[in-house]
Amino acid sequence: MEASHTEVRTPTARWRNKNLICTVSVPVLLACSSACSSACSSAWSQPGERSGVSAMMEEVTITARKVEEGLQDAPISVTAFTGDGLEARGVENIVDVGAITPNMSYQKNAGAGGSSSVATVYIRGVGQREFLGTIDNGVGFYIDDVYIARTVGATVDLVDVDRVEVLRGPQGTLFGRNNVGGAVAIYSKRPTENFEGYADVSVGTDNLQRYKIMVSGPITDGLKGNFSIVDAAQDGYVERPDGTDTGDENQTAARGGILWDGVDALEVHLTADYSTEEENGPAFTLIRSGADRSGGFGAFYNNAIPGTCPYPDGLTSNSPQCFNDQWLSDNANYGTFENYSNTDTWGTTLRAKWYINDNLTLKSVSAYRDLDAEFTRDADSSPLRVTHFYDSFETEQYSQELQLQGSAFGDALDWIAGLYYFKEEGNNTNILDFAIANFYSSNDFTTESEAIYAQGTWHATDKLDFTVGLRYTEEEKTFYPDQYVISSNIGLAPGTSIVPTQLYKTDASENSPMLNAAYHLTDEIMAYATYSEGFRSGGFAQRIFPPLGYVPSFDPEYVDSYEIGFKYDSASMPLVINFAAFTVDYTDIQVTTQSEGYVGMFEDNIGNAEINGFELEVKWAMTDSVFLEFGTGYTDAKYTRIDVQPPLVAAISTDSEFDHVPEWTANLSLAKDVSFANGSLLTARLSGSYHTAFFNDITNTEITKTPEVDIWDLTLGWSSPSETYNVDLGIKNLTDDQYTLSGYASESIGIASVVTERGRQWYTSLRYTF
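## Brief notes about the state of the cysteines
In the structure shown here, the tally under the stated rule is one disulfide. Cys-309 shares a disulfide with Cys-322; S-S distance 1.7 Å. Handedness of the Cys-309-Cys-322 disulfide follows from its S-S torsion of about -85°: it is left-handed. You can see Cys-309 sitting in the loop between helix H3 (297-304) and strand S20 (341-357) and its partner Cys-322 sitting in the loop between H3 and S20, a full 13 residues away along the chain. Each member of the pair Cys-309 and Cys-322 is classed as buried.

So, in structure tokens, the structure goes:
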């Protein structure tokens, strides 16, 4: 049967091939621990005793290479956390994993549309800033081996999770859609042999209320099941005139599965999940009206709409009919147009594994997923009709993967081969209500991908391994736009087509190789080198105005990555050090460009870039009850060539910075246990995350830039002697930093808005385990 993915060891266990993952502790508690010695049987956990930090020093068995292996044995750059380790860190949403993973940026970033559940993910400088169905993800998102095609709905809560794996660099051989930047993979917990469960209640800042329930155990002989549900709500923090507050949370997520292993050679695992969000939208505030910008929508509104505020009086008038800086605010949004974000997603996955013999296994992964989202945004943040957005987004996807895995030549060769099929059908409908015009845009899109792949690892000696992999992929995309003018203030007749209504097609095929060599210098140190390739297929421009006689398209982009690294796992002490350095050739990059006289910005292949950097991760059990974790990443991303053909105009130059890519990232954690005479345990954690400043758009708009930030969180956790009861007290963002999380700016529209961090938050939670 399939092995368990997580193993927890005591601090005195032998550390060879163990991955120590620690969290934070309160330095003040380190000094104060002696003061409580009269109440404690021991200030330090003794060998073999229960340890509160044990959840953060787990050994993780990963499947990043589609085989089960220890994290320290995998010769690739990957960061992994168990579900228990994430809970111990206070991580409840996948977005927060970005703060504890070097060279990764994971944002809730609504962009122009206004969805609360859109993710913008970058790893090593490569990612995607748009949610459109005509553009693929740069970083792949996977749940239980299933590729999730859209970034809408990709800000999921981590409920009943076994582990999360973050893979850096192109995943062009083994993963479903040739991810050029990396992959984020979430794996659910398997049903347990014995009946168990918990109920968890949390309350906190801004009326935070979060409820979790999980049960797991046997159903009948050979059949086990599990089920979990989370319901979360929190008030927003930016007020609107109608009394609603944006930036709120209101969502419910459920996950369940049944596992049948009644036959020795076969197991079948069926899982299903569902989530729904009904929220008021992201906490945007207006920081630039653009009323004084030539060609901007604000200036057009003031000068061209009858009875409004012509230049120059319209720039300074306090009349509510004028659009100007009177609507700017740090903590309020004066928009009166509908503002909401609703997202429903569900899916089911059937995984079957047949152990044909001791050397051969066949695995099948069949999945269906459905996404239905609707969101609106009053982008001018005023009672006036300057810039309003409406989106509905619906997709269905089906995927099928077959994997044959085995060994040969007396286990000298481990190999895997597979077939992959993916199909997505969707529609994105926009109603864009601007001062200059109101138009309708309905866009049907499909993606079909087929691939065959194989990879083998040759154990040349006891110390030296060679791995070779290759994937061949064929993809076809279609795009059918139906876009027309509803009304216009610039002379366009109602019903005027924006682009020709017809079917557009594009296709691509590519070979994606991977070469890897790993050498064990000693029993403690493994060094490795990797060359890998990935590609992202092309697509179509969707946001076009005014009318154009064709739909612009763009071609695939390519990433060639070179990586060297080492993994150190001390046999004499609980110390793990992992390091990787990389250089990336990034060619035919898909980047937003401009066309003279057009509001929309068009995706195109604008040139090449080079990305260099490294990651360093250190995990160390300093004593039996004090633990340290540190990680840092450096990314130097430079455009080396910009080449845009007329009529398009480059929005960037070789001097431009990559957007959403901080040069430096870092995280630091400390944790300390204090054991009491009655058997209860107190764990204190202090954690910090840091990143340098980065731009939130391709044009490097300074006003929406996210600044350099260091954030500190503090948690105290208590568990009863039998671990039946657990109480956590936590403070997030100790220093109450309120900075720009994300932003949206348009030079043609003239308006700029940002979402600001909520600030300091407190929470307390109580868990009952049975």
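## Overview of the sheet that holds strand S7 (residues 126-127)
Ordered by their spatial adjacency, three strands build an open sheet running S5-S6-S7, and the pairing between neighbours is antiparallel. Of all strands in the sheet, those bounded by a partner on one side alone are strand S5 (104-108) and S7. Judged from the two bridges that link them, strand S6 (residues 119-123) and S7 form a sheet pairing that is antiparallel. When the sheet's bridge partners are listed, Ile-123 is paired in S7 with Val-126.

## Here we look at the pattern of salt bridges
In a structure, side chains of opposite charge can pair up when their charged atoms sit close to one another. Per the stated rule, a full pass over the model turns up 37 salt bridges. The partner of Arg-369 in a salt bridge is Asp-273, and the shortest N-O contact between them spans 2.9 Å. Of this pair, Arg-369 sits in strand S21 (residues 360-378) while Asp-273 sits in strand S18 (residues 266-279), placing them 96 residues apart in sequence. Using a relative accessible area of 12% as the deciding quantity, one classes Arg-369 as buried. Given a relative accessible area of 13%, Asp-273 falls into the buried group. With its nearest N and O atoms 3.3 Å apart, the salt bridge here joins Arg-641 to Asp-643.

So, how was this worked out
Position labels on residues start from 1 in each chain and follow its written sequence. Only residues with pLDDT of at least 70 get local features here, since the model is predicted, and only at 80 or more are side-chain atom pairs given and counted; chain-wide, interface and lining totals rely on the full set of residues. The side-chain figures draw on all heavy atoms in the structure; neither hydrogens nor water molecules are used. Here, a disulfide means two cysteine sulfur atoms that sit within 2.5 Å of each other. Each helix is a run of H or I in the DSSP string that is no shorter than four residues. Each strand is a run of E no shorter than two, and both are numbered from the N terminus. Residue burial is assigned from relative accessible area. The probe radius is 1.4 Å, only protein chains are included, and a residue is buried under 20% of its type maximum, exposed over 50%, and partly exposed in between. If DSSP finds at least two bridges between two strands, the strands pair. A pair is scored as a salt bridge if a Lys or Arg side-chain nitrogen falls within 4 Å of a carboxyl oxygen belonging to Asp or Glu.

Everything listed is a geometric property; what it means functionally is a separate question.
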